[in-house]
Amino acid sequence: MADETQTLDSLGDLGEAISNAAANASSDAAAAEAVTPAEETVTTPVEPKIDEHGRSYATGKRKNAIARVWIKPGPGVITVNGREANVYFARPVLQMLINQPFQVAERGGQYDVFCTVTGGGLSGQAGAVRHGISKALTLFEPGLRPPLKKAGFLTRDSRVVERKKYGKAKARRSFQFSKR
């Protein structure tokens, strides 16, 4: 490419020039920072959202069920539609489901939960209560968001029943074929 012949001595001069340029650039950057401070991205701590009664409120949804959930510090009593959670959700699987956010956040027995649930069946209602408890916990203690988010409790499960199509018995099931 170039007709010039370079020697090893010229490469040594090139290395010195590069180090001098880097030193000048760093001193210029330090001087620029001294004159105008760089805008730092300061993350302001998220304030807890607590009402005048000392509670946090959130809405949880799953399938067709909607749960309105209030949490406040207490001995850990969970009330669903005016009844104890172990009475309303009699199946152990559903009781485990609504206690999962407290286990992940390591806050078992520290919060009282009062919720009203409408729509759907018991499984959907338990999922809605779990979603609502998780959201209310993050509003009461914003520091609990990362473990609850990692566990997937803050994401609304968008799976719902598929609608029935015309010409079909159900959403996808065809009518029985009759040869004659």
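Residues numbered from 1 in each chain as written. Predicted model: local features only at pLDDT ≥ 70, side-chain atom pairs only at ≥ 80, totals over all residues. Heavy atoms only, no water.

### Observations concerning the overall build of the protein
Per the secondary structure count, the protein includes five helices and five strands. Along the protein, from the amino end to the carboxyl end, the secondary structure elements read α-β-β-β-β-α-α-β-α-α. Taken across its 180 residues, the protein has 26% of its residues classed as buried. Taking the contacts inside the protein whose residues are at least 6 apart along the sequence as the reference set, 67% of them involve residues at least 24 apart. As displayed, the protein has an accessible area near 12800 Å², and 55% of this comes from carbon and sulfur atoms. (Helix = DSSP H or I, 4+ residues; strand = E, 2+ residues; numbered from the N terminus. Buried < 20%, exposed > 50% of the residue type's maximum accessible area, 1.4 Å probe, protein only. Contact = heavy atoms within 4.5 Å. Areas by Shrake-Rupley, 256 points an atom, 1.4 Å probe, with all protein chains shown as cover.)

### Considerations on helix H3 (residues 92-105)
In this model H3 runs 20 Å from its N-terminal to its C-terminal C-alpha over 14 residues, within 8% of the 20 Å that 1.5 Å per residue would give. Asn-99 marks the point of greatest bend in H3, at about 45°, and the proline Pro-101 comes within the next four residues. Listing the buried residues of H3 in full gives Leu-94, Leu-97, Ile-98, Gln-100, Pro-101, Phe-102 and Ala-105. Taken together, the buried residues of H3 touch strand E3 (78-80), helix H2 (85-88), strand E5 (111-118), helix H4 (122-140) and helix H5 (145-151). Downstream of H3 by one or two residues, Glu-106 has phi in the positive range, about 55°. (Expected span 1.5 Å × (residues − 1). Bend = angle between axes of the 7 residues up to and from the residue.)

### Details of the side chain of Gln-125
As for its placement among the helices and strands, Gln-125 is situated in helix H4. Those residues in contact with Gln-125 that lie beyond four places of it in its chain are Ala-65, Tyr-88, Phe-89, Val-117, Thr-118, Gly-119 and Gly-120.

### Looking at the packing of aromatic side chains
Enumeration according to the criterion identifies four aromatic pairs in this entry. Taking the centre distance of 5.8 Å and the plane angle of 40° together, the rings of Trp-70 and Phe-114 count as tilted. Within this pair, whereas Trp-70 is found in strand E2 (residues 65-73), its partner Phe-114 is found in strand E5, the two being separated by 44 residues in sequence. Assessed through its relative accessible area of 40%, Phe-114 is described here as partly exposed. Ring plane angle 85° and centroid distance 5.0 Å describe the contact between Tyr-88 and Phe-89, whose orientation is recorded as edge-to-face. Phe-89 carries the same exposure label as Tyr-88, and that label is buried. By way of ring pairs, the aromatic residues Tyr-57, Trp-70 and Phe-114 are connected into one cluster. (Phe/Tyr/Trp six-rings, centres within 6.5 Å; stacked < 30°, edge-to-face > 60°.)

### With respect to the nonpolar core
In this structure, Ile-71, Val-80, Phe-89, Val-129 and Leu-137 are the most contacted members of the largest nonpolar core, which totals 30 residues. Of all the elements in the fold, those that place two or more residues in this core are E2, E3, H2, H3, E5 and H4. If one sorts the elements of this core by residue count, H4 sits on top with seven residues. Excluding residues within four positions of it along the chain, Leu-137 makes contact with Ile-71, Pro-101, Phe-102, Tyr-111, Leu-144 and Leu-148. (Core = buried A, V, L, I, M, F, W, Y, C linked by side-chain atoms within 4.5 Å.)

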